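Understanding the architecture of this molecule
In case you want the letters, here they are:
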Amino acid sequence: MDRSQIIPDDKKFIANTYARFDIVVKEGHGSKIVDSEGKEYIDCATGIGVNIFGVNDTVWKDAVTAQIDKVQHVCNLYYSEPQVELAELLCEKTGAKKVFFGNSGAEANECAIKVARKYSYDKYGSGRHEIITLKNSFHGRTIATLTATGQNEFHKYFGPFLEGFRYAEPNLNGIISEYSEKTCAVMIEVIQGESGVNALDGEFLRKVERFCKERDILLICDEVQCGNGRTGYMYAYEAHGLHPDIVTTAKGLGGGLPIGACMLFDKCERTLSFGDHGTTFGGNPVACAGAVSIVKRIDKDLLLEVQGKGAYLKKNISMIKNVKGVSGMGLMIGIETDRPAREIAEKCLQRGLIVLTAHNKVRLLPPLNITKSEMDEALGILKEVISQ
Ligand SMILES: *Cc1c(COP(=O)(O)O)cnc(C)c1O
């Protein structure tokens, strides 16, 4: 199939949920993507932060293919090495005590919601089930995670939504005014990705943590997007010295294959018991083997490198004419201009640069191993487009 067939057939046969950009992705290498016409792009989207070491990455590919040669799927009725290895690695790196694997960010958050409610039920009985999330947050597309998402535009058509979610302004008073004796958890993204790469204030986050600890409310960090080295920290909460009770992640963790993880720390280590939760595909050995190869590479040196690259990009972007603000941390960057982000993204695409949007901002999530010359090339295109 070529482009002239793929695009109309996509419109005909694929559910109409995506406003796709006008490019058929064919292949790639590292930070370069090649489309069906042979045109090359610098990839500052990584499939929304998923291809964290770029496309066609040898280390990840070797790990994945070696596992495919053994067995492609083991259901969760049996033990298998890659899942254990990944869980152990994640626990070592974070101090988490146990991990539940699903297949996506939404599933990781579903698990977190269930654990928070059960933790509270076990200790305090029923009725203490409310979860406070922030206005402008994004936690997924399933009914529960959609309800958790604090944006009205997502709360249309699909009701009735779940009970037990409250949306707070992103400040301590906001949290306090949504709090009651029914609250069991507060769920936050340390950096809000979808709503515009908004880095939350560390002081605010530490106050929230204290507020939660004093009331035995679980603090859930949704690190689906900002986790796994993306910000120059293994998980972004580390940048603020937080100690969450539950951390969820997905996107970059699998390096390209679907996987989600819900990490449980001391308080809720024993909350789930047999039969409380489960999944057929979750913790797939091929996805886990790939993820092991990703997590192993996110070490101190890489994290420092990511911080340096992020600072370099931010500094140079902020000097571009018409840029009104640059937000984010590490290689998770939001750019505010006075023009619609979609228009800028489309112009970048024409010039050979793939970027994302997040509300009114242009969003960059480049591979963590993007090179200096690739960054300069990307900066050149951004400058051309934005300063016009
Ligand atoms: C992408 C995202 C999700 C949802 O992940 P899916 O894999 O699409 O289900 C949840 N939370 C955050 C912060 C995200 O960025």
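Up top is the structure.
In this report, the structure presented in the accompanying data block is examined.

A few points about unusual backbone geometry
Put simply, Gly 159 and Pro 160 share a cis peptide bond, and its omega is 5°. Within the fold, Pro 160 resides in the loop between helix H6 (143-148) and strand S6 (165-168). Even without a glycine there, the phi angle at Tyr 157 is positive, about 65°. Following the sequence through the fold, Tyr 157 ends up in the loop between H6 and S6. Positive phi values are uncommon outside glycine, yet Asn 322 reaches one of about 80°. Locating Asn 322 in the fold gives a position in the loop between helix H10 (300-318) and strand S13 (323-329). When its relative accessible area of 26% is taken as the criterion, Asn 322 is described as partly exposed.

Overview of the sheet that holds strand S2 (residues 32-35)
Strand order in the open sheet made by the four strands is S1-S2-S3-S15, with mixed pairing throughout. Only two strands of the sheet have a single neighbouring strand rather than two, namely strand S1 (25-29) and strand S15 (353-354). Pairing geometry for S1 and S2, over four bridges, is antiparallel. Residue pairing for S2: His 29 is matched across the bridge by Lys 32.

Describing the pairing of strand S7 (residues 183-188)
With six of six residues buried, S7 is to be regarded as a mostly interior element. Judged from the four bridges that link them, strand S5 (residues 130-134) and S7 form a sheet pairing that is parallel. Pairing of Ile 132 across the sheet is with Val 186, part of S7. Pairing geometry for S7 and strand S10 (residues 218-222), over four bridges, is parallel. Paired with Ala 185 across the bridge in S10 is Leu 218.

Considering the packing of aromatic side chains
Note on aromatic pairs: each is described by the distance of the centres and the angle between the planes. On inspection of all chains with the given rule, the structure shows four aromatic pairs. Centroid distance Tyr 157 to Phe 158: 5.8 Å. Interplanar angle 85°. Geometry classified as edge-to-face. Looking at Tyr 157, the relative accessible area reads 70%, which means it is exposed. When the ring of Tyr 179 is compared with that of Phe 211, the centres are 5.3 Å apart and the planes differ by 85°; the resulting orientation is edge-to-face.

Overview of helix H8 (residues 202-215)
Within an α-helix, residues lying three or four positions from one another point in the same direction, as the helix has 3.6 residues per turn. Over its 14 residues, H8 runs 20 Å from end to end, which matches the ideal 20 Å to within 8%, given 1.5 Å per residue. Looking at H8, one finds that the buried residues are Gly 202, Phe 204, Leu 205, Val 208, Glu 209, Phe 211 and Cys 212. Looking one or two residues beyond H8, the residue adopting positive phi is Asp 216, at roughly 55°.

With respect to the site of the ligand
The environment of the ligand is formed by Ser 104, Gly 105, Ala 106, Asn 109, Phe 138, His 139, Gly 140, Glu 189, Asp 222, Val 224, Gln 225 and Lys 251. With respect to the ligand, the backbone of Phe 138 contributes an N or O atom lying 3.3 Å from a nitrogen atom. In isolation the ligand has 380 Å² of accessible area, and contact with the protein removes 82% of it. Considering each element in turn, the shell around the ligand owes the most residues, three residues, to helix H5 (residues 105-124). Of the residues that constitute the shell around the ligand, the class distribution is three nonpolar, six polar and three charged.

Some points on the layout of surface pockets
Vacant regions in the atomic arrangement are exposed by a probe of water-molecule size rolled over the atoms. Space inside the second largest pocket adds up to approximately 850 Å³. In terms of lining residues, the second largest pocket is bounded by 23 residues, among which Asn 76, Gln 83, Lys 98, Val 99 and Phe 100 are the most central. For the lining of the second largest pocket, a count of residues per class yields 10 nonpolar, eight polar and five charged.

So, the sheet that holds S7
The strands making up a sheet are joined through hydrogen bonds of the backbone, oriented either antiparallel or parallel. The mixed open sheet is built from seven strands, whose spatial order is S4-S12-S11-S10-S7-S5-S6. With partners counted over all chains shown, the strands left at the sheet margins are strand S4 (98-102) and S6, one partner each. Strand-to-strand twist of the sheet, defined as the mean angle between neighbouring strand axes without regard to direction, takes the value 20°. In this structure, S10 lies alongside strand S11 (residues 246-249), joined through three bridges in parallel fashion. What sits directly across from Cys 221, in S11, is Val 247. Of the strands in this sheet, S4, S5, S6, S7, S10, S11 and strand S12 (260-264) are in contact with H5, which crosses S11 at around 165°. Relative to S7, H8 is tilted by about 160°, and along the sheet it contacts S5, S7 and S10.

Some remarks on the environment of Met 375
Turning to its location among the elements, Met 375 is positioned in helix H12 (residues 372-386). Along the primary structure Met 375 and Gly 256 are separated by 119 residues, whereas in three dimensions their C-alpha atoms are 22 Å apart.

The rules behind each value
Residues numbered from 1 in each chain as written. Predicted model: local features only at pLDDT ≥ 70, side-chain atom pairs only at ≥ 80, totals over all residues. Heavy atoms only, no water. Helix = DSSP H or I, 4+ residues; strand = E, 2+ residues; numbered from the N terminus. Buried < 20%, exposed > 50% of the residue type's maximum accessible area, 1.4 Å probe, protein only. Pairing = 2+ DSSP bridges. Phe/Tyr/Trp six-rings, centres within 6.5 Å; stacked < 30°, edge-to-face > 60°. Expected span 1.5 Å × (residues − 1). Near = heavy atom within 4 Å. Polar contact = N/O pair within 3.5 Å; in protein donor to acceptor, adjacent residues only side chain to side chain. Areas by Shrake-Rupley, 256 points an atom, 1.4 Å probe, with all protein chains shown as cover. Nonpolar A, V, L, I, M, F, W, Y, C, P; charged D, E, K, R; others polar. 1 Å grid on protein atoms, 1.4 Å probe; cavity = no way out; pocket = protein on both sides within 12 Å on 5 of 7 lines; lining within 4 Å. Points joined across faces, edges and corners; volume = space filled by probe spheres on them. Axes fitted to C-alpha atoms, helices over the stretch in contact; angles between N-to-C directions. Contact = heavy atoms within 4.5 Å.

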